[in-house]
Amino acid sequence: MKKKAIYPGTFDPITNGHVDIIKRARAVFDKVYVAIAQSETKKPMFSLDDRVKMVQLATQNIGNIEVISFCGLLVDCCNKNGAKTIIRGLRAVSDFEYELQMGYANTSLSSEIETIYLMTSLEHSFISSSIVRSILKHNSSCAHLVPPKVNGIILKNHCIAMPMIHTCT
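Residues numbered from 1 in each chain as written. Predicted model: local features only at pLDDT ≥ 70, side-chain atom pairs only at ≥ 80, totals over all residues. Heavy atoms only, no water.

Visitor: Can you tell me about helix α5 (residues 129-137), naming the residues and giving the values?
Guide: The set of residues buried in α5 consists of S129, V132 and L136. Buried residues of α5 fall within an arc of 60 degrees about the axis and therefore sit on the same side. At the C-terminal side of α5, N139 shows a positive phi close to 60 degrees. (Buried < 20%, exposed > 50% of the residue type's maximum accessible area, 1.4 Å probe, protein only. Helix = DSSP H or I, 4+ residues; strand = E, 2+ residues; numbered from the N terminus. Arc of directions from axis to C-beta.)

Structure below.
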C-alpha cells in the first residue's frame, strides 16, 4: 500500500517555500496531493483555476505529485483520496500554535489522520503568500519568491509592471 499525504493550502500564489515543503514531503511519501482550498472566506487574489495552474507548473518536474482542489473539510478531502497524513509547513514559532490547533481539530474529526510538520528551509523561512501579494499590490516584482513559471503567469495575467519610484513628502 502506498503512503499518501495531502499538503493543503490556498497557494495564493504558490511560493518557493511551498515548493520546498512539497519536495521534502515527496521524499517521505509515495504520493503527495497538493490540495488547493477554494477558500472564498480568504478572498484570494488569484482565481482557483489560476492557483491550480500555478501549482501544476511549479510541481511538474516532481514525481508522484497530484494537484487537486477542494472545498469543505480537509479531513473529507483526505478520506476521499485515501491519504492518512496531512503535511503542514512551519516557517517560525509563530506558525506552530495555529498549525497545532488545526492539527488537533482535524484529528478530532478523524482520528486516523495524522499531521506532520516540516520546517521550511532557512532560505525560504521568510516567504509567505501574503508577503508576495503585498509586494504585488505595491506593483513590485516577486520573481525571487516564486517559481519562474509562476512568475510568468503573474506577469501575464495580472499585468504587474515595473515599480515606479515614488517620493514621499
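Having seen it, we continue.
Visitor: Could you give an account of the layout of surface pockets, with specific residues and numbers?
Guide: Taken as a whole, the largest pocket holds about 1100 Å³ of empty space. If you go around the largest pocket, you meet 41 residues; those closest to its centre are P8, G9, T10, K42 and R88. Of all the elements in the fold, those that place two or more residues in the lining of the largest pocket are β1 (4-9), α1 (16-26), β4 (85-90), α4 (93-109) and α5. With eight residues, α4 is the single largest residue contributor to the lining of the largest pocket. Here the residues of the lining of the largest pocket are counted per class, giving 16 nonpolar, 17 polar and eight charged. (1 Å grid on protein atoms, 1.4 Å probe; cavity = no way out; pocket = protein on both sides within 12 Å on 5 of 7 lines; lining within 4 Å. Points joined across faces, edges and corners; volume = space filled by probe spheres on them. Nonpolar A, V, L, I, M, F, W, Y, C, P; charged D, E, K, R; others polar.)

Visitor: Would you mind going over the pattern of salt bridges in detail, with residue names and values included?
Guide: Pairing between side chains of opposite charge can happen when their charged atoms approach one another. Within the structure shown, the criterion is met by six salt bridges. Linking D20 and R24 is a salt bridge whose minimum nitrogen-to-oxygen distance equals 3.5 Å. On the criterion of helical spacing, the pair formed by D20 and R24 is a turn pair, its members being four residues apart in helix α1. By relative accessible area, which is 11% here, D20 ends up buried. Judged by its relative accessible area of 30%, R24 falls in the partly exposed class. For D95, the salt bridge goes to R91, with nearest N and O atoms at 3.1 Å. Exposure remark for R91: the relative accessible area of 35% places this residue in the partly exposed category. (Salt bridge = Lys/Arg side-chain N within 4 Å of Asp/Glu carboxyl O.)

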